Amino acid sequence: MYIYKAAVIGAGTMGAGIAQVITYSGLPVILRDVTQEAVDRGLATVRKIYQGRVDKGKMTAAELEQKMALVSGATDDTGFSDVDIVIEAIYEDLEAKQKLFQALEAVCPEGCIFASNTSSLPISAIASATKKPDKVIGMHFFNPAPVMKLVEVIPGLGTSQETIDDVVLFSESLRKIPIRVQECAGFLVNRLLMPYLNEAAIALQEGAASAKGIDAALVTLGMPMGPLTLFDMVGIDVSVKVADILHDAYGTRATAARILRELDQAGRHGLKNGAGFYDYADEKKGDLDSLIQKVQAEGTTKTKFSANRIIMPMINEAVISLQEGVASAEDIDIAMMAGTGFPQDKGGPLHYADQIGVDVVLSELEALCKTLGDRFWPAPMLKRMVQGGYLGQKSGKGFFQY
């Protein structure tokens, strides 16, 4: 099915960004929210994104107006009778998303696709409230949507192959890189990213290194920014919620660092409110050092720091995800480069494992497991590969052929 018209529900930062991406591809889109004020803010955001392109000489003022003519605002379902896809980008609440899609079924065409931009909620659960689960799918954009190339395409248990194919083609028409991901907690990118971020927070609370020292080490490794800086950008409060979802699914290896909860409770939610792992404003919301000391007083042992300690949990989770068929090895690496800025020269976590040696990864994880705990327990696939001589580039075969 070719998509001729779209609708986006939720005119916040993500929703407005997605609407801009759709109009940039030349398709009309309805941007809907509950109040006219919210809709107007969303439309202003779309215009601001285009104005940035004009200011940089990438488009003319006339072209800006042509693109803005493709987006219309709405506070109700008027105009939804001919939309081919609806992308919801509302707040992360399962019942709210279920009720939204139930209501949309009554006004949208029979063949309309219902896509959720959720970053954590199960697609099958959202679809269970509808009469057409075959038309419900996850379509997870990354923030900022106009810049980030990756889109995770997540089928639910009942999603039809036709819907999957249509959304992949639609994503490509938006100049995005669609990666099909098997439904699981955190999907792919957040599932791999959180162990990396969380280990940085654990290292900090254990006094292994300073926040600046941890971040600097990972930037030196090639990451676009340090993990604690990224925590602040994402939001500590949001990160705690994601960590809880992952812990519920994957158990103790996904236990959130204590310092995250201390920061959250102290109101240090990150860049958005002026304080997280770093201070961004004059107003103090609890001192980071005193929060670390509080955690340490409850029995934390001082540990050693290395960049490998932070990156190995991501590699291990990538291997576990590959074992489970969440995505292919190639797609895992593409997703982490496009979705998180994993260094291009390292080719993604699985290519990087092949570069340094699968046997080296295994021995490093085993050593970390002995000293720091079972969260570093190596994926069974790593042991099988080493036993079978699949050591990476040095043996000509690993996660990829060389």
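Structure: above.
Below is a short write-up of the structure. (Residues numbered from 1 in each chain as written. Predicted model: local features only at pLDDT ≥ 70, side-chain atom pairs only at ≥ 80, totals over all residues. Heavy atoms only, no water.)

## Some words on the packing of helix α7 (residues 189-205) against helix α8 (residues 211-221)
For the record, the criterion: Here, axes are lines fitted to C-alpha atoms. For helices the fit covers the stretch in contact, and angles between N-to-C directions go from 0 to 180 degrees. Numbering goes from the N terminus for both helices and strands, where a helix is a DSSP run of H or I of at least four residues and a strand is a run of E of at least two. Take the far helix as your reference; a near helix turned counterclockwise from it by less than a right angle gives a left-handed crossing, and one turned clockwise gives a right-handed crossing. We call two residues in contact whenever any of their non-hydrogen atoms come within 4.5 Å of each other. Gly is put with the polar residues, along with every residue not named as nonpolar or charged; the nonpolar set is Ala, Val, Leu, Ile, Met, Phe, Trp, Tyr, Cys and Pro, and the charged set is Asp, Glu, Lys and Arg.
Interhelical geometry of α7 versus α8 gives an angle of 145° and a closest axis separation of 9 Å. Where α7 crosses over α8, the two elements pack in a sense that is right-handed. Residue-level contacts link Tyr196, Ala200, Ala203 and Leu204 of α7 to Ala211, Ile214 and Leu218 of α8. Its residues assigned to classes, the contact of α7 with α8 shows 7 nonpolar, no polar and no charged.

## Considerations on the environment of serine 290
Put simply, the rule is: Per-residue accessibility, obtained with a 1.4 Å probe over protein chains only, is compared with the maximum for each type, and a residue is labelled buried under 20%, exposed over 50%, and partly exposed between these values.
Within the secondary structure layout, serine 290 lies in helix α12 (residues 288-297). Judged by its relative accessible area of 36%, serine 290 falls in the partly exposed class. Expressed as a C-alpha distance, the spacing of serine 290 and glutamate 324, which sit 34 residues apart in the sequence, is 41 Å.

## Let's talk about the sheet that holds strand β6 (residues 136-141)
For clarity, the threshold we go by: The rule for pairing is simple: two strands pair if DSSP sees at least two bridges between them.
The mixed open sheet is built from 8 strands, whose spatial order is β3-β2-β1-β4-β5-β6-β7-β8. At either end of the open sheet lies a strand with only one pairing partner, and these are β3 (71-74) and β8 (177-180). Strand-to-strand twist across the sheet, computed as the mean angle between neighbouring axes with direction ignored, equals 25°. In terms of strand pairing, strand β5 (residues 113-116) meets β6 through 3 bridges, oriented parallel. The residue of β6 that forms the bridge with alanine 115 is isoleucine 137. The strands that helix α14 (residues 329-340) touches are β7 (150-155) and β8; relative to β8, the one it contacts most, it runs at about 135°.

## As for the pairing of β5
Burial along β5 is two-sided: Ile113 and Ala115 facing one way and Phe114 and Ser116 facing the other are all buried. Direction of pairing for strand β4 (residues 85-88) relative to β5: parallel, over a ladder of 4 bridges. Looking across to β5, one finds that valine 86 is bridged to phenylalanine 114.

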